[in-house]
Amino acid sequence: MNIQSLAARTGDRIAGSLAYGVIGLGLAFLAIPLVITCVMAFDARTYLGPMPPPALSLHWFERLVSQADILTSLRTSLILAVFTTVLSVTIGTAAAVGLARGNFPGKAALTSAFLSPLIVPPVVIGFGLLLFLSKAGITNGMARLLLGHVIVTLPYCIRTSLASLLGSDQRLTEAAMVLGATERQAFWTITLPLMRTGVVTGAIFAFAISMDDVSISLFLSDPSATTLPVTLVSNMRAAFDLTIAAAAVVLIAVTALLIVVLDRVVGFDTVVGQGLFRS
Amino acid sequence: MTKVRRQPVAISIPDRRDAALTLGPALLVFAFGFLSPLINLAIESLKEFTPGRVGSVENAAATVQNYYELANQAFASVLLTTFWIGGVAAIIGQLVAFPLAYFIVRRISPRMRTLTLGFLITLVLSSVLIKTYAIELTFGSVGIFRPFLLTLGLSPNSREYINIVVIAGLVHSIIPVATLTLIGAMQSIDPRLLDAAQSLGAPGWKAHLSITLPLSFPALISSTLVSLTFAISAFVIPMVLGRGRVLFMSNVIYTRFSDIANYPSGAAISLVMLAVALAVVAVITFAQARRVSR
């Protein structure tokens, strides 16, 4: 064995362990904070003490569900997320069909216009909506929040539906119509089922984004309608205790559930392959 | 393989009514909920500030005062903070995401791959709030990383300590997204190129340096810029982790709104932020266009 190949092998070993070190550290950095949060949520102490907790208890969860403002805002968030999802998916799917099938000038421009809320910082959207809706005289908190959430989730729904529509075979719909189906029948029995993956992915994204949003909701919330994340942020700024850790555990569980659904219905590779992640 | 036809010939929307039916609702939402507020924001930013009301006074004098006021030391330092903290976070994110993406694409069993992807997608979809809180719990007053940072000689109330925690918060969100972005590009690199380089005598690290890196370079650039866009429009992370001492542009907009109710000034900052975001996106688009044309 000559010196050159020995040097190359040493170089490889160093580079390899460096890469694995970075990967290990990176994954640990991603996982450890979440693990700590989950463990601390079961801390039996009544104050915020160092890791690890000496004993475990569910009392932070009890405190969480005994807080009226958290329960009210959780209800608001859930209702809002459901309405946002239904509206975004309906409007987005229709728009995707229109964009895919329509034959009109400026189609590409319209598509990118519909996706443009993705590149505008959420705070700017929230602040802009606040000013505009106040001027327009729309003061109902729920209505404001709904509009804000639909604006930011709609691009995802349009994008995922459009992707699955363009990816599916157009000729199947044509075949149905050649065989005598009306346009409406062909749409409901062929086109829409073919779009299923895109519609479901869009719905999951819309629901998750609506449940999590802070930047827009903080501007549009009012005492009559406050979302869970907004309540949690103000709690976090007022007193940093472990009820938020308990809330985090619940939210992580909900997200994990959504992820399992996403994997079962769509499959991760589809999601990654389409590259539909913005931020 | 070319698609036979993109425009369906047999079926197309027969009349304007169907187009209005499918595209109408989205257009309505877009115009009312997005376009009008942005235009209003632009108008508002040119209005004179009158304390104590939502929005400017009707027929307020047009002025560029709100923009002029931004050209001061304080706002310049906010802009600088946003960019350098965001930039550092974006780069650290790529340094981890790049090897991680390669590892997921080439070095892992299908089962582990699903597990790792599931973990990353869970991170992308889970609330910024949870991640921010988790970082605070980890690096904060009782966090297990606190002694580590203290041994580095950082006082917990120093600006450096807070900067590091904010960067950690941003990196935590950037790594999963950047990894998922880079996976796509790595999948399209032919692994045989690497084998060829190595069988011709190149050591592994050199083969990666001359094949994997250049071939995924355009994706790396756009992933960096996407991470940067994310970082400079971040709101919750600097707000909670920055403890009021690290301010990003979005935090200043919120302060203008919540503390002093200076809406015209908030609108002016919003437009500056919008311009910055659009500029970064323009660079991304340019980079991608070059990638396609090559």
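Since the model is a prediction, treat every value here as computed from it, not as a measurement.

## Focus on the UniProt feature "domain: ABC transmembrane type-1" (unreviewed entry) in chain A
For step 1, the next point in the chain: Per the UniProt annotation, the sites labelled "domain: ABC transmembrane type-1" (unreviewed entry) are residues 74–261 of chain A.
For step 2, the next point in the chain: Across residues 74–261 of chain A one finds 80% helix and 0% strand; the C-alpha atoms that close the span lie 22 Å apart.

## Observations concerning the nonpolar core
For step 1, the next point in the chain: Membership of the largest hydrophobic core comes to 159 residues, with the highest contact counts inside it found for Phe127(A), Phe219(A) and Leu170(B).
For step 2, the next point in the chain: At 17 residues, the largest contribution of residues to this core is made by helix α7 (residues 159–187) of chain B.
For step 3, the next point in the chain: Leaving out residues up to four positions away in the same chain, Phe127(A) has contacts with Phe219(A), Leu41(B), Ile253(B), Phe257(B), Tyr263(B), Gly266(B), Ala267(B) and Ser270(B).
For step 4, the next point in the chain: The next biggest cluster of nonpolar side chains, apart from the first, holds eight residues, and it includes Val226(B), Leu228(B), Val276(B) and Val280(B).

## Overview of the UniProt feature "domain: ABC transmembrane type-1" (unreviewed entry) in chain B
For step 1, the next point in the chain: On the UniProt side, "domain: ABC transmembrane type-1" (unreviewed entry) is annotated at positions that read residues 79–284 of chain B here.
For step 2, the next point in the chain: Structurally, residues 79–284 of chain B is divided into 81% helix and 0% strand, and its ends, taken at the C-alpha atoms, are 20 Å apart.

## Overview of the pattern of salt bridges
For step 1, the next point in the chain: Inspection of the entire model under this criterion finds one salt bridge over all chains.
For step 2, the next point in the chain: Put simply, Lys135(A) and Glu44(B) hold a salt bridge, and the shortest N to O gap is 3.2 Å. Placement of Lys135(A) in helix α5 (residues 122–136) and of Glu44(B) in helix α1 (residues 16–44) is noted, with the two residues assigned to different chains.
For step 3, the next point in the chain: Relative accessible area serves as the criterion here: at 0%, Glu44(B) is assigned to the buried category.

## Structural notes on the UniProt feature "transmembrane region" (unreviewed entry) in chain B
All names here are of chain B.
For step 1, the next point in the chain: This chain's UniProt record puts "transmembrane region" (unreviewed entry) on residues 21–43, 83–105, 117–141, 161–183, 215–241 and 261–287.
For step 2, the next point in the chain: What you have in residues 117–141 is 84% helix and 0% strand, and the ends, taken at the C-alpha atoms, are 32 Å apart.
For step 3, the next point in the chain: Secondary structure within residues 215–241 divides into 89% helix and 0% strand; the distance between the first and last C-alpha atoms comes to 37 Å.

## Quick word on the environment of Glu62(A)
For step 1, the next point in the chain: With respect to the helices and strands, Glu62(A) occurs in helix α2 (residues 59–66).
For step 2, the next point in the chain: In sequence terms Glu62(A) and Ala246(A) are 184 residues apart; their C-alpha atoms lie 9.1 Å from each other.

## With respect to the side chain of Thr160(A)
Residues and elements named next belong to chain A.
For step 1, the next point in the chain: Mapping Thr-160 onto the fold places it in helix α6 (residues 141–167).
For step 2, the next point in the chain: Given a relative accessible area of 2%, Thr-160 falls into the buried group.
For step 3, the next point in the chain: Among the polar contacts made by the side chain of Thr-160, one reaches the main-chain carbonyl oxygen of Cys-157 at a distance of 3.2 Å.

## Notes on the UniProt feature "transmembrane region" (unreviewed entry) in chain A
For step 1, the next point in the chain: Taking the UniProt record as the reference, the feature "transmembrane region" (unreviewed entry) is found at residues 20–42, 78–100, 112–133, 145–166, 186–209 and 242–262 of chain A.
For step 2, the next point in the chain: Annotated as 96% helix and 0% strand, the span residues 186–209 of chain A places its first and last C-alpha atoms 32 Å apart.

Cut-offs and rules
- Residues numbered from 1 in each chain as written.
- Chains lettered and ligands numbered in written order.
- Predicted model: local features only at pLDDT ≥ 70, side-chain atom pairs only at ≥ 80, totals over all residues.
- Heavy atoms only, no water.
- UniProt positions renumbered as here; feature names shortened; annotations may be inferred.
- Helix = DSSP H or I, 4+ residues; strand = E, 2+ residues; numbered from the N terminus.
- Core = buried A, V, L, I, M, F, W, Y, C linked by side-chain atoms within 4.5 Å.
- Buried < 20%, exposed > 50% of the residue type's maximum accessible area, 1.4 Å probe, protein only.
- Contact = heavy atoms within 4.5 Å.
- Salt bridge = Lys/Arg side-chain N within 4 Å of Asp/Glu carboxyl O.
- Polar contact = N/O pair within 3.5 Å; in protein donor to acceptor, adjacent residues only side chain to side chain.

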